[in-house]
Amino acid sequence: MSALRTSSTTGQAVATVLLAGGKGSRLHDLTAAESKPAVHFAGRNRIIDFAMANVVRSGLDRLLVATQFCPATLHHHLPARWGGHFTEGAMILCDGHNRYLGTADAVRHNWAQIDDWGADQVLVLAADHIYDMDYAALIAAHRASGAAVTVAVDVVPLSQASSFGVMQADATGRIRSFLETPPHPPAMPGEPDRAMVSMGIYVFETDWLRDALFGRDIESLDFGHEVIPAAVAQGLAMAYRLPPGPSGQAYWRDVGTLDALRQSHLDFLGQQPVRLPRISTLSEWYLGRGSVAMPGAFVPSSARLSQCLVAPGVRIPAGLVVGEDPDEDDRWFRRDRNTLLITQAMLDRRDTLRVPTVLPAVARPSLQPRDVA
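Note that this is a predicted model, so its numbers are computed, not measured. Every chain begins its residue count from 1, and numbering advances along the sequence as written. Reporting of local features is limited, given that this is a predicted model, to residues whose pLDDT is at least 70; pairs of side-chain atoms are given and counted only at 80 or more, and all residues count toward the totals for whole chains, interfaces and linings. Heavy atoms from the whole structure form the basis of all side-chain values; hydrogens and water molecules are not counted.

Participant: Outline the packing of aromatic side chains, supporting the account with residue identities and numerical values.
Facilitator: Pairing of aromatic rings covers Phe, Tyr and the six-membered ring of Trp, with a centre-to-centre limit of 6.5 Å; geometry is then stacked below 30 degrees between planes, edge-to-face above 60, and tilted otherwise. In the structure shown here, the tally under the stated rule is ten aromatic pairs. Here Tyr-202 and Phe-223 contribute two aromatic rings whose centre-to-centre distance is 5.4 Å and whose plane-to-plane angle is 45°, an arrangement assigned as tilted. Remark: Phe-223 occurs in helix 7 (residues 223-233) and Tyr-202 occurs in strand 11 (residues 194-205); sequence separation between them is 21 residues. Only protein chains enter the accessibility calculation, which uses a 1.4 Å probe. A residue is then buried if its area is under 20% of the maximum for its type, exposed if over 50%, and partly exposed in between. Overall, the relative accessible area of 7% leaves Tyr-202 in the buried class. Here Phe-223 falls in the buried class, since its relative accessible area comes to 1%. Note on Tyr-251 and Phe-268: the rings are 6.2 Å apart at their centroids and 85° apart in plane angle, and the pair reads as edge-to-face. Each helix corresponds to a stretch of at least 4 residues labelled H or I by DSSP, and each strand to a stretch of at least 2 residues labelled E; elements are numbered beginning at the N terminus.

Written out as structure tokens, the structure reads:
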């Protein structure tokens, strides 16, 4: 990856705030002692690395990372992996110590640093999505529109939209309505099966955001619930559509569930939908049969795993069969739709309570063990 470009890429001072404090409770055991942004993806990449790679490629040189839940991994990983792309003091990590009460509140707690940078705009990013985006183009579109806030958006099937902030915009891109995680999301005009949703990426005019965070009678804690609806009500919010990727289609995935995490991995089996921050080979993480192994997992060739997600450091026993007997699988492993999570604790419990099921000797493949480093 090339060295970090200077702020001349965006022309004016931009303060970037990367929100990386989420627990990711729907990832269950994978985030018992790690934040969601720290979870591995496609080998030794971590989910947060996608946003970090975008920051570097976009030439942004003032970055504050707000961490909170189990921050130790990120506080080690980010300086080691990305620190060389920033000048001294230009990448700052701030642990919330459980003080942040929402996304907007995390920015409020760190406002003194934004003021010190003297930024004209504030770019707010989520750290837990898989995507590739030129933030410089987003910032340029924001400045050209004259809006107080620009929201990066993608289009998803209507059946999935209730998990996101859903909006409708007019032909100019001005957002006319915004609903945070509505149970019955509105469809896009003329497209009854699709909805426009927020990517959790915002560009704010600094003065407007300062007033939104500090100058109102009602304290704003969350961007989706309070800050963005306020901008929409004032007619000051614009939508910016995520451009197509190498495949000709936009690619943005919220890997907030075990099934979504595994399925997103499988999207990288053919033509990669977006660039990986760190290049990896399929042998580092793909086991075949729709199964994915995370770093440090050891999977012998005699095991037969189907649609599984093998947690970091797991040692799969020889001959283990998972993914073919639902009743047996559900006794020992965690199921999320079509995905089975295997952790070492689950295997240890299984070993304690029963004799492991193995393949007949004649059916075992004659391949070498796999050690996913």
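Participant: Break down the side chain of Ser-198 for me, citing the residues and quoting the values.
Facilitator: Within the secondary structure, Ser-198 is located in strand 11. Given the relative accessible area of 7%, Ser-198 is considered buried. Whenever two N or O atoms come within 3.5 Å, that pair is a polar contact, provided that in protein one can donate a hydrogen and the other can accept it, and provided that, for residues adjacent in sequence, both atoms are side-chain atoms. Within the local environment of Ser-198, its side chain forms a polar contact with the backbone nitrogen of Gly-200, the two atoms lying 3.0 Å apart.

Participant: Mind laying out unusual backbone geometry, listing which residues take part and the relevant values?
Facilitator: Positive phi, normally seen in glycine, also occurs at Asn-98, with a value near 65°. Tracing the backbone shows Asn-98 in the loop between strand 5 (91-95) and helix 3 (103-109). For Asn-98, a relative accessible area of 63% translates into the label exposed. Located in the positive-phi region is Arg-337, a residue other than glycine, with phi close to 55°. In this structure, Arg-337 sits in the loop between strand 20 (334-336) and strand 21 (339-342).

Participant: Give me the sheet that holds strand 18 (residues 308-310): which residues, what numbers.
Facilitator: As a general point, the strands of a sheet are linked pairwise by backbone hydrogen bonds and lie either parallel or antiparallel. Paired strands, in this sense, are two strands between which DSSP finds at least two bridges. In space, the five strands of this open sheet follow the order 14-15-18-21-20, with mixed pairing throughout. The open sheet has two edge strands, strand 14 (286-288) and strand 20, and neither has a second partner. Geometrically, the sheet is characterised by an average inter-axis angle of 20° between neighbouring strands, direction not taken into account. Two strands pair when backbone bridges link them, and strand 20 and strand 21 are joined in this way by three bridges, in the antiparallel orientation. For Arg-334, the partnering residue across the bridge sits in strand 21 and is Leu-341. Axis lines are fitted through C-alpha atoms, for helices just across the contact stretch, and the angle between N-to-C directions can take any value from 0 to 180 degrees.

Participant: So what's going on with the pairing of strand 10 (residues 175-180)? Which residues, and what values?
Facilitator: The sheet contact formed by strand 9 (residues 165-169) and strand 10 spans five bridges and is antiparallel. Bridge assignment links Gln-168 to a residue of strand 10, and that residue is Ser-177. Counting the residues that bridge the hairpin from strand 9 to strand 10 gives five residues, and of these Gly-173 lies at a positive phi of roughly 95°.

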